Amino acid sequence: LTPNAVGAGGRAGALSPAPITEDLQKIDVNPPKGTRDFPPEDMRLRNWLFYHFREVSRLFGFEEVDFPVLESEALYIRKAGEEIRDQLYCFEDRGNRRVALRPELTPSLARLVIQKGKSLSLPVKWFAVGQCWRYERMTRGRRREHYQWNMDIIGVHEVSAEAELISSIVTFFKRLGITASDVGFKVSSRKVLQEVLRHYSIPEALFGKVCIIIDKIEKIPVDDIKNELKSAGVSEEAIEQLLQVLSIKSLTKLEEILGDAGEAVADLKQLFSLAEKFGYSEWIQFDASIVRGLAYYTGIVFEGFDRGGKLRAICGGGRYDRLLSTFGGDDIPACGFGFGDAVIVELLKEKGLLPELSLQVENIVCALDPGLQGAAATVATILRGKGQSVDLVLENKPLKWVFKRAARINANRLILVGDSEWQRGMVGVKILSSGEQHEIKLDELE
Ligand SMILES: OCc1cccc(Br)n1
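Residues numbered from 1 in each chain as written. Predicted model: local features only at pLDDT ≥ 70, side-chain atom pairs only at ≥ 80, totals over all residues. Heavy atoms only, no water.

S.K.: What exactly am I supposed to notice about the overall build of the protein chain here?
M.R.: The secondary structure content of the protein chain amounts to 15 helices and 16 strands. Since a compact globule built from 446 residues should have a radius of gyration of about 22 Å, the 30 Å found for the protein chain marks it as more spread out than a globular shape. Principal-axis analysis of the C-alpha atoms places the extent of the protein chain at approximately 90 × 60 × 45 Å. For the protein chain, buried positions account for 48% of its 446 residues. Relative to all contacts within the protein chain whose residues are 6 or more apart in sequence, the contacts with residues 24 or more apart total 66%. In the structure as shown, the protein chain presents an accessible area of about 22800 Å², 51% of it carried by carbon and sulfur atoms. Considering the protein chain, the positive charge centre built from 59 side chains and the negative charge centre built from 63 side chains are found 3 Å apart. (Helix = DSSP H or I, 4+ residues; strand = E, 2+ residues; numbered from the N terminus. Rg over C-alpha atoms; globule rule 2.2 N^0.38 Å. Buried < 20%, exposed > 50% of the residue type's maximum accessible area, 1.4 Å probe, protein only. Contact = heavy atoms within 4.5 Å. Areas by Shrake-Rupley, 256 points an atom, 1.4 Å probe, with all protein chains shown as cover. Lys, Arg positive; Asp, Glu negative; His and termini not counted. Charge placed at Lys NZ, Arg CZ, Asp CG, Glu CD.)

Now the structure itself:
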């Protein structure tokens, strides 16, 4: 081959690499805007977090489920003007179907419950950990995906279901070292709004839209809230009463305003009573301004907040008794929550509660000469068969390199396969923490 000659599709000339053809161009190695890669150190933290999500779900007797990330857009088309709708990551697929990357898990769960129908024995207690998406203009530099832990109880009318769900989140926080001094739950009920709107004969059809407007009360000026409520058809008198009720932070005060005949006060009293029995009274407080930003909630709603006031809501949930019937299913009561994987990590960082997670491999196995690479593979396989993790050195490397790698992967032991030892059915073992070294018979290795 003459220098630089490249046979048709063949290897480059022996003297120099093939010229870069126009097909090769440097791709953008970053993930798409608003999305994250999980390199090993981040994946260890994510796995640690998800381990606790799953452990708490197991402690509460919930079964894991999952659904496609891609769903029919129809699951999320609600007319109440939710932000989740405005940011839907939706498109038309090659079959001209309107589809969307799921922005939340609850509609998928409702769909599966309906699909399973009578084959399910109620109550259903399901949990899921899944990636959810939104297409938000990157002006605010916010993410377009996060992972959410959801727990849902389907088929229980009583407030004991919401009390159980809040207990599961308290259990999760405690496992991570987070206390009631760090976070709390603001709890209310949409029945508070419902009773005020009914008192002013505001049509039920406006309920979802009013809730979505009210949910912005901390985010936009109160005059904008008033204007949006007026445009939605709520009278000025009703608006004033609504805003007054929403400022209530005590159940006693709420009872004075609404009376004790309504479901709102009764449900909330029951929840606070159960909270005492579960032992998490210090974690929850009534706050009538909490409505949550999803149109389908119908009763108790709650959100976890950091008492330092620096972070966005940590988690949130509530009762959604009408969602299944709006999907054409039976009228089955339901409640659940979503817990994102981002704010909790910010909180853990702030509290100094992030765990030290490093790669840990029990053994590094190395052949002392190229002819023993097969023997090293045999040793690795024996150890792995006994449940021991092994980093097998796959190339002929100097010992200095092996020791450096052993330190980087935090190996406990270095297993050396040398010719003379191998001839005697032995291998060398070095305990890396102490430096202690000995030989051991292959069949005694464990
Ligand atoms: O919290 C609402 C939400 C939904 C999907 C993706 C992201 Br990031 N955030």
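S.K.: Can you walk me through the sheet that holds strand β3 (residues 89–92) in this structure?
M.R.: Note: strands within a sheet are paired through backbone hydrogen bonds, in either parallel or antiparallel orientation. Pairing in this open sheet of three strands is antiparallel, and the strands run β2-β4-β3 from one edge to the other. Looking at strand neighbours, the two that pair on one side only are β2 (70–72) and β3, the edges of this open sheet. Each strand of the sheet is rotated relative to its neighbour by a mean of 35°, with strand direction disregarded. (Pairing = 2+ DSSP bridges. Axes fitted to C-alpha atoms, helices over the stretch in contact; angles between N-to-C directions.)

S.K.: Whenever I open this one, the site of the ligand confuses me. Can you help?
M.R.: By nearness alone, every residue bordering the ligand is listed as Pro103, Cys132, Trp133, Arg134, Arg143, Arg144, Glu145 and His146. With respect to the ligand, the side chain of Arg134 contributes an N or O atom lying 3.4 Å from a nitrogen atom. Contributions of two or more residues to the shell around the ligand are made by β5 (124–133) and β6 (145–154). Its residues assigned to classes, the shell around the ligand comprises three nonpolar, one polar and four charged. (Near = heavy atom within 4 Å. Polar contact = N/O pair within 3.5 Å; in protein donor to acceptor, adjacent residues only side chain to side chain. Nonpolar A, V, L, I, M, F, W, Y, C, P; charged D, E, K, R; others polar.)

S.K.: I keep staring at the pattern of salt bridges and nothing clicks. Help me out?
M.R.: Note on pairing: side chains with opposite charge can pair once their charged atoms come close. This structure, assessed with the given rule, holds 30 salt bridges. Among the salt bridges present, the one from Arg142 reaches Glu136, with a minimum N-O distance of 3.0 Å. Within the structure, one salt-bridge network assembled from shared partners comprises Arg36, Glu145 and Asp341. (Salt bridge = Lys/Arg side-chain N within 4 Å of Asp/Glu carboxyl O.)

S.K.: Whenever I open this one, the packing of helix α6 (residues 207–214) against helix α7 (residues 222–231) confuses me. Can you help?
M.R.: Geometrically, a packed helix pair is captured by the angle between its two axes and the distance between the axes. Here α6 crosses α7 at 170°, and the two axes come no closer than 10 Å. Here α6 lies roughly antiparallel to α7, going by the angle between them. Where α6 approaches α7, its residues Val210, Ile213 and Ile214 are matched on the opposing element by Ile225, Glu228 and Leu229. The residue inventory of the contact of α6 with α7, partitioned by class, reads five nonpolar, no polar and one charged. (Parallel < 35°, antiparallel > 145°, perpendicular 65-115°, else oblique.)

S.K.: Explanation requested: the packing of aromatic side chains in the structure shown.
M.R.: Ring pairs (aromatic) are described by centroid distance and by the angle formed between their planes. One pass over the structure, following the stated rule, counts 19 aromatic pairs. With a centroid separation of 4.7 Å and 20° between ring planes, the pair formed by Phe53 and Trp149 is classed as stacked. Here Phe53, found in helix α1 (residues 40–59), pairs with Trp149, found in strand β6; they are 96 residues apart in sequence, far enough to count as distant. For the pair shown, Phe53 and Trp149 are each scored as buried. Seen from their ring centres, Tyr89 and Tyr135 are 5.2 Å apart, and the 85° between their planes marks the pair as edge-to-face. Taken together, the residues span a long stretch of sequence, with Tyr89 in strand β3 and Tyr135 in the loop between β5 and β6 at a distance of 46 residues. Relative accessible area serves as the criterion here: at 25%, Tyr89 is assigned to the partly exposed category. On the accessibility criterion, Tyr135 (33% relative accessible area) is partly exposed. Taken together, the ring pairs in this structure connect Phe38, Phe50, Phe53, Tyr147, Trp149, Phe172, Phe173, Phe185, Trp283, Phe337 and Phe339 into an aromatic cluster. (Phe/Tyr/Trp six-rings, centres within 6.5 Å; stacked < 30°, edge-to-face > 60°.)

S.K.: Got a minute to help me understand the side chain of Asp287 in this structure?
M.R.: Secondary-structure assignment places Asp287 in the loop between β8 (284–286) and β9 (300–306). Given the relative accessible area of 5%, Asp287 is considered buried. Residues in contact with Asp287, not counting those within four places in the same chain, are Lys186, Val187, Ser188, Leu246, Ile248 and Lys249.

S.K.: I tried to follow the pairing of β3 on my own but got confused; where do I start?
M.R.: Looking down a regular strand, the side chains alternate between one sheet face and the other. Where β3 meets strand β4 (residues 98–101), four bridges bridge the pair, whose relative direction is antiparallel. Its bridge partner being in β4, Glu92 is matched across the sheet by Arg98. The hairpin formed by β3 and β4 contains five residues between the paired strands, and Asn96 there has a positive phi angle of roughly 60°.

S.K.: Looking at this structure, how should I read the nonpolar core?
M.R.: As a rule of thumb, nonpolar side chains are buried together in soluble globular proteins. With 80 residues, the main nonpolar core has Trp149, Phe172, Phe173, Phe185, Phe339 and Ile344 as its most contacted residues. Ranked by residue count, the leading element in this core is helix α4 (residues 160–175), at eight residues. Beyond its immediate sequence surroundings of up to four residues, Phe185 is in contact with Ile166, Ile169, Val170, Phe173, Trp283, Ile284, Gln285, Phe302, Glu303, Gly304, Phe305 and Cys315. If you look at the next biggest cluster of nonpolar residues, it comprises 23 residues, including Ile84, Leu105, Leu109 and Ala334. (Core = buried A, V, L, I, M, F, W, Y, C linked by side-chain atoms within 4.5 Å.)

S.K.: Honestly, the environment of Gly259 in this entry has me stumped. Any pointers?
M.R.: Its place among the elements puts Gly259 in the loop between α9 (251–258) and α10 (263–278). On the basis of relative accessible area, Gly259 is assigned to the partly exposed category, the value being 24%.

S.K.: Can you walk me through the packing of α7 against helix α8 (residues 236–246) in this structure?
M.R.: Closest axis-to-axis distance for the α7/α8 pair is 10 Å, and the angle between their directions is 135°. Between α7 and α8, the crossing angle belongs to the class labelled oblique. Taken as a pair, α7 and α8 cross one another with a handedness that is right-handed. From α7, Val222, Ile225, Lys226, Leu229 and Lys230 reach across to α8, where they touch Glu236, Ile239, Glu240, Leu242 and Leu243. Tallied by class, residues from the contact of α7 with α8 come to six nonpolar, no polar and four charged. (Left-handed = near helix turned anticlockwise from the far one by under 90°.)

Geometric values such as these leave the question of function open.
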